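# Architecture and fold: a report
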Amino acid sequence: MGSGYIGTKDGPQIFYKDWGDKGAQPIVFHHGWPLSSDDWDAQMLFFLANGYRVVAHDRRGHGRSTQVDTGNDMDHYAADASAVAEHLDLRNAVHIGHSTGGGEVARYVAKFGEPQGRVAKAVLVSSVPPLMLKTKENPSGTPIEVFDGFRKALAANRAQFYVDVASGPFYGFNRPGAKVSQGIIDNWWRQGMIGGALAHYEGIKAFSETDQTDDLKAITVPTLILQGDDDQVVPYKDASLLQAKLIKNSTLKIYRGFPHGMLTTHADVINADLLAFIRS
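All values reported here derive from a predicted model rather than from experimental measurement.

To continue, consider the pattern of salt bridges. Under the criterion given, the structure shown has 19 salt bridges. Residue R64 is joined to D58 by a salt bridge in which the shortest nitrogen-to-oxygen separation is 2.9 Å. With a relative accessible area of 31%, R64 lands in the partly exposed category. Notably, a salt bridge pairs D273 with K253, separated by 3.1 Å at the nearest N-O pair. Of the two residues, D273 sits in helix α10 (residues 267-279) while K253 sits in strand β8 (residues 250-255), which places them 20 residues apart along the sequence. For K253, a relative accessible area of 36% gives the class partly exposed. One continuous salt-bridge network, built from bridges that share partners, spans K17, D38, D41, D58, R64 and R190.

On to the packing of helix α1 (residues 41-49) against α10. At a minimum axis separation of 10 Å, α1 and α10 run at an interaxial angle of 45°. By the angle class used here, α1 and α10 are oblique. By crossing handedness, the relation of α1 to α10 is classed as right-handed. Taken together, the residues of α10 that come into contact with α1 (itself represented by A42, Q43, F46 and F47) are A267, N271, L274, L275 and I278. For the contact of α1 with α10, the residue count by class is seven nonpolar, two polar and no charged.

What follows is about the nonpolar core. Core analysis: the biggest nonpolar cluster contains 25 residues, and V84, Y108, V109 and I219 have the highest contact counts within it. Among the elements that line this core, the one with the most residues is helix α2 (residues 74-87), at five residues. Discounting chain neighbours no more than four positions away, the residues touching I219 are A106, V109, E114, I247 and K248. Counting 23 residues, the second-largest nonpolar core is a separate cluster that includes Y52, I96, V125 and L224.

On to the environment of R91, then. By secondary structure assignment, the location of R91 is in the loop between α2 and β5 (93-98). Judged by its relative accessible area of 46%, R91 falls in the partly exposed class. Counting along the chain gives 66 residues from R91 to Q25, while the straight-line C-alpha distance between them is 7.8 Å. If we skip the residues at most four places from it in the chain, R91 touches P26, Q116 and R118. Side-chain polar atoms of R91 contact the side chain of D89, separated by 3.1 Å.

Moving on, we come to the sheet that holds strand β2 (residues 13-19). Strand-to-strand pairing in sheets goes through backbone hydrogen bonds, with the strands running parallel or antiparallel. If you trace the eight strands from one edge of the open sheet to the other, you get β1-β2-β4-β3-β5-β6-β7-β8, paired in mixed fashion. Two strands close off the open sheet at either side, each with one partner strand: β1 (3-7) and β8. Put simply, the sheet's adjacent strands are angled 20° from each other on average, direction ignored. Bridge count between β1 and β2: five bridges; the pairing is antiparallel. Residue pairing for β2: S3 is matched across the bridge by K17. Contacts between α10 and the sheet are confined to β3 (26-30), β5, β6 (119-125), β7 (223-228) and β8, with β7 contributing the most and set at about 165° to the helix.

By secondary structure assignment, the location of E145 is in helix α4 (residues 144-167). Residue E145 is classed as exposed on the basis of its relative accessible area of 57%. Along the chain, E145 and K134 lie eleven residues apart, while their C-alpha atoms are 9.9 Å from each other.

Running from N to C, α4 and helix α5 (residues 182-194) cross one another at 140°; their axes reach a closest spacing of 9 Å. Taken together, the axes of α4 and α5 lie oblique to each other. Judged by the twist between their axes, the crossing of α4 over α5 is right-handed. Taken together, the residues of α5 that come into contact with α4 (itself represented by R158, A159, Y162, V163, V165, A166 and S167) are I185, W188, W189, G192 and M193. Grouping the amino acids of the contact of α4 with α5 by side-chain chemistry returns nine nonpolar, two polar and one charged.

Our focus in this paragraph is unusual backbone geometry. For the bond running from W33 to P34, omega is -10°, close enough to zero to count as cis. Considering the arrangement of structural elements, one finds P34 in the loop between β3 and α1. Each neighbour pair has its own omega, and for P129 with P130 the value is 0°, a cis peptide bond. In this fold, P130 is placed in the loop between β6 and α4. Although it is not a glycine, S99 adopts a positive phi angle of roughly 60°. On the secondary structure map, S99 appears in the loop between β5 and α3 (100-113). A residue is classified by how much of its surface remains accessible, and S99, at 7% relative accessible area, is buried.

Cut-offs used in this document
- Residues numbered from 1 in each chain as written.
- Predicted model: local features only at pLDDT ≥ 70, side-chain atom pairs only at ≥ 80, totals over all residues.
- Heavy atoms only, no water.
- Salt bridge = Lys/Arg side-chain N within 4 Å of Asp/Glu carboxyl O.
- Buried < 20%, exposed > 50% of the residue type's maximum accessible area, 1.4 Å probe, protein only.
- Helix = DSSP H or I, 4+ residues; strand = E, 2+ residues; numbered from the N terminus.
- Axes fitted to C-alpha atoms, helices over the stretch in contact; angles between N-to-C directions.
- Parallel < 35°, antiparallel > 145°, perpendicular 65-115°, else oblique.
- Left-handed = near helix turned anticlockwise from the far one by under 90°.
- Contact = heavy atoms within 4.5 Å.
- Nonpolar A, V, L, I, M, F, W, Y, C, P; charged D, E, K, R; others polar.
- Core = buried A, V, L, I, M, F, W, Y, C linked by side-chain atoms within 4.5 Å.
- Polar contact = N/O pair within 3.5 Å; in protein donor to acceptor, adjacent residues only side chain to side chain.
- Pairing = 2+ DSSP bridges.

So yeah, pure geometry; function would need other evidence.
Here is the structure:
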């Protein structure tokens, strides 16, 4: 079919894409907040052309999936990802997550993928674990006021907030000399506005306040960790550097000057590194 919907235990319908030879090794993509599986276009086309089966789904409340008023949390995100993997019977899979999707991958692999023997490798790109929020135990984290600001802006004028995020910090388009793409900004806005305001509002808590230290410690498959040192959304010193310490079998690569949305702005570089890791 190429795409479809699957029902989950608590009711929501999850939209997914499934392209390529069903006998090929599957690569499963987990998108960031507040986007959809469309954010992986550059990766899905590239890996499909390289002979892989490529799968991606829209998180509950995002994209074309049901606009739920319940379960907008990391546990349900991971369970939904597992429902897709089980429905398609994906085995020997490589799970790649960006930002919030990296949190989803960490919890999925730890709680479902590894126990079920379905995962070969994992990749975390510009990802939120172990914990974004500043706490007594996580003093270098981001203060709650920042996330409260996100919630306030989303509730007041979601459409303008999404323009501001995409045209500013997400892709580093606010940096001097940045090569700004209006198409990329418009596509980020389009993906965001298709999703549900409530799911996105509640998703801010999910990506900022979920402590995933134990998830990272539980992962044993080879894991690639990628992040730009100019990530203005998820500070790399509080994310990828800690991920590399907590995941036993990990490889870390930091890209000088790359933004949070480097999968889109530097797809050629990132795709080549992903392919080398998957083939290794």
